[in-house]
Amino acid sequence: MDKKSIIKSMYWNIEEISNNFRPEGEAYEKAVKEKEEAEKRLMEILPDGGVEVFGDFMNALGDVEIFQVEEIYRQGFSLGLQITAEAYITNKNKLVSSIDE
């Protein structure tokens, strides 16, 4: 992890990150189940050496996904800040005294 990035530091210090960012819904649960079933079928037909290579591949894939998820988080956080800044700049001379205005 790049300790110079405040955003990455925030991302990695979120409590129980896998629970906070886990998609919900039947479609997601179905996709996870299908992936697990396909992996089980694959493991049954791979020779022993193939299982090890597949494990190495999955580990490498996970390492790449960490970088991708960090970048998605960083870009989303930055976009949120840009939107907030634009809203502030656009409305800086307007006083809102209640939520209904």
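Residues numbered from 1 in each chain as written. Predicted model: local features only at pLDDT ≥ 70, side-chain atom pairs only at ≥ 80, totals over all residues. Heavy atoms only, no water.

Novice: Looking at this structure, I do not really get the packing of aromatic side chains. What am I missing?
Specialist: All chains considered together, the criterion is met by 2 aromatic pairs. With 6.4 Å between their ring centres and 35° between their planes, F54 and F57 make a pair best called tilted. With a gap of 3 residues between them, F54 and F57 both fall in helix α4 (residues 48-90), about one helical turn apart. Its relative accessible area of 48% is what places F57 among the partly exposed residues. Geometrically, the ring pair formed by Y73 and F77 is stacked, given 6.3 Å between the ring centres and 25° between the ring planes. Taken together, the residues span about one helical turn, with Y73 and F77 both in helix α4 at a distance of 4 residues. (Phe/Tyr/Trp six-rings, centres within 6.5 Å; stacked < 30°, edge-to-face > 60°. Helix = DSSP H or I, 4+ residues; strand = E, 2+ residues; numbered from the N terminus. Buried < 20%, exposed > 50% of the residue type's maximum accessible area, 1.4 Å probe, protein only.)

Novice: How should the side chain of E70 be read in this particular structure?
Specialist: Along the chain, E70 turns up in helix α4. If sequence neighbours within four positions are ignored, E70 has contacts with K8, Y11 and W12. (Contact = heavy atoms within 4.5 Å.)

Novice: Explain the environment of G55 here, please?
Specialist: Here G55 is to be found in helix α4. Along the backbone, G55 and M43 are 12 residues apart, and their C-alpha atoms lie at a distance of 10.0 Å.

Novice: Is there a simple way to think about the pattern of salt bridges in this case?
Specialist: Two side chains with opposite charge may pair up if their charged atoms get near one another. Enumeration according to the criterion identifies 3 salt bridges in this entry. K30 is paired through a salt bridge with E34; the nearest N and O atoms lie 3.9 Å apart. Separated by 4 residues within a single helix, K30 and E34 lie in helix α3 (residues 26-45), roughly one turn from each other. A residue is classified by how much of its surface remains accessible, and K30, at 53% relative accessible area, is exposed. (Salt bridge = Lys/Arg side-chain N within 4 Å of Asp/Glu carboxyl O.)

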